[in-house]
Amino acid sequence: MLKIVLATSNEHKIREINTVSIPFGIEFVLPDEGFNPIEDGSTFEENSYAKALAAAQCEKSGRNYFMADDSGLCVDFLNGAPGLKSARYAPCTQERIEKLLCALKDARENERSARFICSLVLIDKTGSILNKTTGICKGKIGHTQCGKGGFGYDPVFIVDGKNKTMAELDENEKNLVSHRGRALMDMLMWIKCSDL
């Protein structure tokens, strides 16, 4: 089993990704103690690289490969916001959702389009980029929260073609259509065909 450090402290994200990756013979693990990235990039890709590099710099267990994702919700009516600030849009998840719904209170139905974007970057211990992928999931923002699954903005993001929020999808459905699932599948296929 190839072990790759996933530059996150979010155990839910690790579990979600490992559901997809373990059948490929790849397991993602949390970074060593001291992982504290500075996300000051101007793109999702730049932030992904910064997180992966921070994980590599605090590595003490002898692992060689580090992957990070940076993702966010981009709402057309809000000129792409919350975007890079998706995780810092408000102090907690519920407040972020409420702030988003409030910001869209004057948006007409055809103005609620949005997309989740995920950028994945895989580096080695020297910081060299080995591969990068991007996944996009299109949809729109609903008026109320629906569903118990997922995290973040999932309860208000209605996936194109599904007529369900991301939070209403089961794990398998979500992995097939989500921004992270799409970027991850491309990355896993690349890793399986590489010499890692």
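As a starting point, this report considers the structure included with it. Since the model is a prediction, treat every value here as computed from it, not as a measurement. (Residues numbered from 1 in each chain as written. Predicted model: local features only at pLDDT ≥ 70, side-chain atom pairs only at ≥ 80, totals over all residues. Heavy atoms only, no water.)

What follows covers the side chain of Asn131. Note on placement: Asn131 falls in strand 5 (residues 129–141). The residues touching Asn131, leaving out its near neighbours within four places in the chain, are Leu120, Val121, Leu122, Met187 and Trp190. (Helix = DSSP H or I, 4+ residues; strand = E, 2+ residues; numbered from the N terminus. Contact = heavy atoms within 4.5 Å.)

The tally for this structure, following the rule as stated, stands at 1 aromatic pair. Lying over the aromatic face of Tyr89, Lys99 brings its terminal NZ or CZ to 4.3 Å of the ring centre. (Phe/Tyr/Trp six-rings, centres within 6.5 Å; stacked < 30°, edge-to-face > 60°. Lys NZ or Arg CZ within 6 Å of the ring centre and 35° of its normal.)

This brings us to unusual backbone geometry. For residues other than glycine, phi is negative in most cases, and the peptide bonds are mostly trans. Residue Pro82 follows Ala81 across a cis peptide bond; omega there is -5°. In this fold, Pro82 is placed in the loop between strand 3 (65–75) and helix 3 (93–103). Unlike most non-glycine residues, Asn79 shows phi in positive territory, near 55°. The topology assignment puts Asn79 in the loop between strand 3 and helix 3. Residue Asn79 is classed as exposed on the basis of its relative accessible area, which comes to 77%. (Buried < 20%, exposed > 50% of the residue type's maximum accessible area, 1.4 Å probe, protein only.)

With that settled, consider the environment of Arg112. Note on placement: Arg112 falls in the loop between helix 3 and strand 4 (113–124). Expressed as a C-alpha distance, the spacing of Arg112 and Lys85, which sit 27 residues apart in the sequence, is 19 Å. Discounting residues that sit within four places of it in the chain, Arg112 has contacts with Leu101, Leu104, Ala107, Gly139, Lys140, Ile141, Gly142 and His143. Side-chain polar atoms of Arg112 contact the backbone oxygen of Leu104, separated by 3.0 Å. Here Ile141 takes part through its backbone oxygen, which lies 2.7 Å from a polar atom of the side chain of Arg112. (Polar contact = N/O pair within 3.5 Å; in protein donor to acceptor, adjacent residues only side chain to side chain.)

Here we come to the environment of His179. Structurally, His179 is set in helix 5 (residues 179–193). With 42 residues separating them along the chain, His179 and Cys137 place their C-alpha atoms 4.8 Å apart. The contact partners of His179, leaving out residues within four places of it in the chain, are Ser71, Phe116, Ile117, Cys118, Gly135, Ile136, Cys137 and Met166.

As paired strands, strand 1 (residues 2–6) and strand 2 (residues 26–29) are joined by 4 bridges and run parallel to one another. Bridged to Ile4 within strand 2 is Phe28. With 2 bridges joining them, strand 1 and strand 3 adopt parallel strand pairing. Bridged to Leu6 within strand 3 is Met67. (Pairing = 2+ DSSP bridges.)

Okay, the sheet that holds strand 2 next. Sheet architecture is open: 6 strands sit in the order 2-1-3-4-5-6, paired in mixed fashion. The sheet terminates laterally at strand 2 and strand 6 (157–159), the two strands that pair on one side only. The average undirected angle you get between the axes of adjacent strands in this sheet is 40°. Sheet topology note: the strand 3/strand 4 ladder contains 11 bridges and is antiparallel. In the strand pairing of strand 4, Asp70 is matched with Ser119. Sheet strands in contact with helix 2 (residues 44–57) are strand 1, strand 3, strand 4 and strand 5, and its direction is about 150° off that of strand 3. (Axes fitted to C-alpha atoms, helices over the stretch in contact; angles between N-to-C directions.)

As a further point, take the pattern of salt bridges. Per the counting criterion, the structure on display carries 14 salt bridges. We note a salt bridge from Asp69 to Lys13, for which the minimum N-O separation is 2.9 Å. Pair noted here: Asp69 is in strand 3 and Lys13 is in helix 1 (residues 11–21), with a separation of 56 residues, a long-range link. Owing to a relative accessible area of 1%, Asp69 belongs among the buried residues under this scheme. Between Asp70 and Lys51 there is a salt bridge, and its shortest N-O distance comes to 3.1 Å. A residue pair is termed long-range when its members are at least 10 positions apart, and Asp70 in strand 3 and Lys51 in helix 2 qualify at 19 residues. A single burial state applies to Asp70 and to Lys51, both of which are buried. (Salt bridge = Lys/Arg side-chain N within 4 Å of Asp/Glu carboxyl O.)

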